[in-house]
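Topology and contacts: notes
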Amino acid sequence: MDRIKKYVAEIIGTFVLVTFGCGTAVAVGCNAESGSGYLITAFAFGLVIVAMAYSIGNVSGCHINPAVSLAMFIRRQIDGMDCICYMIAQCIGSLGGCLVLLCAFGKDCGFGANQVQDTWTNGGPGKAFIVEIILTFVFVIAVIGVTSKVQNGAIAGVVIGLTLTLVHIFGIALTGTSVNPARSLMPALFARGAALHQLWIFIVGPLIGGALAAIVYSYLEIPEKKAAKAK
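Each residue is numbered by its place in its chain's sequence as written, counting from 1. In keeping with the model being predicted, local features are shown solely for residues with a pLDDT of at least 70 and side-chain atom pairs are shown and tallied solely at 80 or more, while totals for entire chains, interfaces and linings include all residues. As a rule here, side-chain values cover all heavy atoms of the structure and leave hydrogens and water aside.

As a further point, take the overall build of the chain. Helix and strand assignments follow DSSP, with helices taken as H or I runs no shorter than four residues and strands as E runs no shorter than two, numbered in order from the N terminus. Helix and strand counts for the chain come out as 11 helices and zero strands. The N-to-C order of helical and strand elements in the chain reads α-α-α-α-α-α-α-α-α-α-α. Principal axes of the C-alpha set define a box for the chain whose edges measure 55 × 40 × 30 Å. The burial tally for the chain puts 49% of its 231 residues in the buried class. In the chain, of all internal contacts separated by at least 6 residues, the share reaching a separation of at least 24 is 78%. For the area figures, the Shrake-Rupley method with a 1.4 Å probe applies, and any residue is considered shielded solely by the protein chains shown. Only carbon and sulfur atoms are counted for the fraction: they give 69% of the accessible area of the chain, which is about 11,000 Å². Positive: Lys, Arg. Negative: Asp, Glu. His and the chain ends are not part of the count. A charged residue contributes its charge at one atom only: NZ of Lys, CZ of Arg, CG of Asp or CD of Glu. Separation between the mean location of the 14 positive side-chain charges and that of the 10 negative ones in the chain comes to 9 Å. A 1.4 Å probe rolled over the protein chains alone gives each residue an accessible area, and that area as a share of the maximum for its type sets the label: buried under 20%, exposed over 50%, partly exposed in between. In this description, contact between two residues means that some pair of their heavy atoms is separated by no more than 4.5 Å.

Okay, structure coming up:
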């Protein structure tokens, strides 16, 4: 029963992320040329993480992102069943968010789907792929770092939310910033067109970035006993 509660929490969290994050992008017209819409969208995604971290974080850990779940699996903080079910739950939540956007904005709203931006067309899919790996690496290593110590619990949600805002501020002009396969999958399926053709970038890139963050942090991590002696 506790497992089911975790999965429901992940559905709710990802639903809120897509509804309010992608929904804000649709509502304000998120692109690099409209500065206010650009920043509002970045902060919308970050604020969702803050809100969800302090509401469902004590239930599921508030992954609401397959890249985070994969990283936690690599670090053996969740088992294989939880990892797979978390990812399924996150996609279900993303689907629910897209249905809300469909009702609110119509079928041609774009659903906040990620795309390699027109101003960066010459960068091509290869560079976009690398950007998504880097953005996700930075985000996930921050998640791992701040949640690895119990004493950080009071500030973890704020740190994670601000980190997501940071990577959005940098990445929106390049890829729209995914760092989250579930957030990208359903909007791309609803938006179709170029968003669907480029979808692999926003699924594979974040998963690689999340895995690298887990591996690198596990290498850098100093056990508490050794850290205490070093002091």
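A few words now on the side chain of Thr14. Inspection of the secondary structure puts Thr14 in helix 1 (residues 2–28). The contact partners of Thr14, leaving out residues within four places of it in the chain, are Ile64, Gln90, Gly93, Ser94 and Ala182.

A word on unusual backbone geometry. In the Ramachandran plot, Phe111 falls in the positive-phi region, its phi being about 60° despite a non-glycine side chain. Take Phe111: it is sitting in the loop between helix 5 (80–105) and helix 6 (124–147). Despite not being glycine, Arg192 has its phi angle at roughly 60°, a positive value. Note that Arg192 resides in the loop between helix 8 (181–191) and helix 9 (193–197). Take Arg192: its relative accessible area is 46%, and that puts it in the partly exposed class.

Let's shift gears to the packing of helix 4 (residues 66–74) against helix 5. Put simply, helix 4 and helix 5 touch, their axes get as near as 9 Å, and they point 175° apart. With respect to each other, helix 4 and helix 5 are oriented roughly antiparallel. Between helix 4 and helix 5, the contacting residues are Pro66, Ser69, Leu70 and Phe73 on the first element and Gly80, Cys83, Tyr86, Met87 and Gln90 on the second. Charged means Asp, Glu, Lys or Arg here, nonpolar means Ala, Val, Leu, Ile, Met, Phe, Trp, Tyr, Cys or Pro, and polar covers whatever is left, Gly included. When the residues that make up the contact of helix 4 with helix 5 are grouped by side-chain class, the tally is six nonpolar, three polar and no charged. Lines are fitted to the C-alpha atoms to define the axes, a helix being fitted only along its stretch in contact, and any angle between axes, read from their N-to-C directions, falls within 0 to 180 degrees. Any angle that is under 35 degrees is reported as roughly parallel, and any over 145 degrees as roughly antiparallel; angles of 65 to 115 degrees are reported as roughly perpendicular and all others as oblique.

Time to look at the environment of Leu17. Examined against the element boundaries, Leu17 turns out to sit in helix 1. Placed 109 residues apart in sequence, Leu17 and Gly126 show a C-alpha to C-alpha distance of 27 Å. Discounting residues that sit within four places of it in the chain, Leu17 has contacts with Cys22, Phe45, Val48, Ile49, Ile64, Asn180 and Arg183.

What follows concerns a nonpolar patch on the surface. Patches in this entry comprise residues that are over 30% relatively accessible and not in a salt bridge; like charges within 9 Å are linked, as are nonpolar side chains (Val, Leu, Ile, Met, Phe, Trp, Tyr) within 5 Å. Note on definitions: salt bridges are taken to be side-chain nitrogens of Lys or Arg within 4 Å of carboxyl oxygens of Asp or Glu. A cluster of nonpolar side chains, contributed by Leu39, Phe43, Leu47, Tyr54, Val158, Leu162 and Ile169, occupies part of the molecular surface with about 630 Å² of accessible area. Elements represented by at least two residues in the nonpolar patch include exactly helix 2 (35–53) and helix 7 (153–175). Relative to the assigned elements, Leu47 resides in helix 2.

Here the focus is the pattern of salt bridges. Pairing of side chains with opposite charge becomes possible as their charged atoms draw close. Taken as a whole and assessed by the stated rule, the structure comprises four salt bridges. Note that Asp79 and Arg3 form a salt bridge whose closest N and O atoms lie 2.8 Å from each other. Note that Asp79 is positioned in the loop between helix 4 and helix 5 and Arg3 in helix 1, a separation of 76 residues in sequence. For Asp82, the salt bridge goes to Arg3, with nearest N and O atoms at 2.9 Å. Taken as a pair, Asp82 in helix 5 and Arg3 in helix 1 lie far apart in primary sequence, 79 residues in all. Through salt bridges with shared partners, a single ionic network connects Arg3, Asp79 and Asp82.

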